[in-house]
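# Structural characterization, general
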Amino acid sequence: YSCYRNTRATLRKLSLFVRGGKLLVKDVTPALMASFRNYLIEQQHNSRNTVCENLKVIARLLSEAGVEKNPCAELGLSREQSERTYLLEEEVSRIMALHLKSENEMALARDIFFAECRTGLRISDLLQLRWKNIQDGFIRIRMQKTRRKVEVPVTDSLMLVFGKYRTLFSGPDSLVFPMLERYQVSGESFSRERRLISATARVNQLIKKVAERAGISKNISTHVGRHTFATMLISKGATIYDVKELLGHHDMKVTQVYAHMIDRRKQELVKMLE
């Protein structure tokens, strides 16, 4: 569904660029793509990474249309590695120490975020987490994004959070966090994905309010919980390989973004010798 949305958004921008006119495949040249790139930056005010994603979509469509040479390849534009926001243990503790009524949606969003900080699971997986996925102290699921099976240990503190949502009516197939069931969409096309996006947007909205109440000025989103999990592990001595397995990454290159934390840990250890 995200691929569909990105493609639709890119084609809308391209249509605006050519002012709604027809654009033949043979007319999509490197010069035209260079002009489109400048249009996205200067008039649409898109970020470098968004422009790269848009050009990638166009290149994929042209490839499927039988174009052998990618007209976007000569633009020399690559993604920037953005700084990853994460929370310190003390900041996570402040969020969890907030007094929020159990029936409040903010409390639910806070607990989902805490589950991210303790498991590294994506919000899409936690929103779909069912009681049958929690067995013998582990969460066992197939991740929606990568379809890879992962097993993540459940800490005692997280098990207490889970317990808040267990009722007499909670069967094996019941959702652990009652957030996704609040969103209904019309039509069958991508209905699950659309519900996930709506629920994720709501959790993001609420967790920002929670962070503000806790006196945290960082720009918080649900994915910050995943970064926090990885960063905390590395700060306590975990290797990049350990983090890769727990996050469910296919490629070590994806996990390498946390390598700077390993370097910092090495510096701290060596300084202990002085």
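Here is a short report on the structure shown in this document. All values derive from a computational prediction rather than experimental measurement.

Rules behind the numbers
Residues numbered from 1 in each chain as written. Predicted model: local features only at pLDDT ≥ 70, side-chain atom pairs only at ≥ 80, totals over all residues. Heavy atoms only, no water. Helix = DSSP H or I, 4+ residues; strand = E, 2+ residues; numbered from the N terminus. Buried < 20%, exposed > 50% of the residue type's maximum accessible area, 1.4 Å probe, protein only. Polar contact = N/O pair within 3.5 Å; in protein donor to acceptor, adjacent residues only side chain to side chain. Contact = heavy atoms within 4.5 Å. Pairing = 2+ DSSP bridges. Axes fitted to C-alpha atoms, helices over the stretch in contact; angles between N-to-C directions. Parallel < 35°, antiparallel > 145°, perpendicular 65-115°, else oblique. Left-handed = near helix turned anticlockwise from the far one by under 90°.

### Considering the side chain of Asn54
Mapped onto the elements, Asn54 comes out in helix α3 (residues 48-64). A relative accessible area of 5% places Asn54 in the buried class. A distance of 3.0 Å separates the side chain of Asn54 from the side chain of Thr10, its partner in a polar contact. A polar contact is formed between the side chain of Asn54 and the side chain of Lys13, at a distance of 3.0 Å. The contacts of Asn54, once residues within four sequence positions are left out, are Thr10, Lys13, Leu40 and Asn46.

### Some words on the sheet that holds strand β2 (residues 138-142)
Pairing within the open sheet is antiparallel, and its three strands lie in the order β1-β2-β3. The outermost strands of the open sheet, each flanked by one partner alone, are β1 (134-135) and β3 (149-153).

### Thoughts on the environment of Lys149
Checked against the element boundaries, Lys149 lands in strand β3. By relative accessible area, Lys149 is classed as exposed at 62%. Along the primary structure Lys149 and Gly248 are separated by 99 residues, whereas in three dimensions their C-alpha atoms are 7.7 Å apart.

### What about the packing of helix α4 (residues 89-97) against helix α5 (residues 105-119)?
Between α4 and α5, whose axes approach to 10 Å, the crossing angle comes to 155°. With respect to their mutual orientation, α4 and α5 come out roughly antiparallel. Between α4 and α5 lies a crossing of left-handed hand. Here Glu89, Val92, Ile95 and Met96 of α4 lie close against α5, whose contacting residues are Arg110, Asp111, Phe113, Phe114, Cys117 and Arg118.

### Topic: the side chain of Arg148
Structurally, the position occupied by Arg148 is in the loop between β2 and β3. A polar contact is formed between the side chain of Arg148 and the side chain of Glu245, at a distance of 3.2 Å. Residues in contact with Arg148, not counting those within four places in the same chain, are Ile141, Arg142, Met143, Lys244, Glu245, Gly248, His249 and His250.

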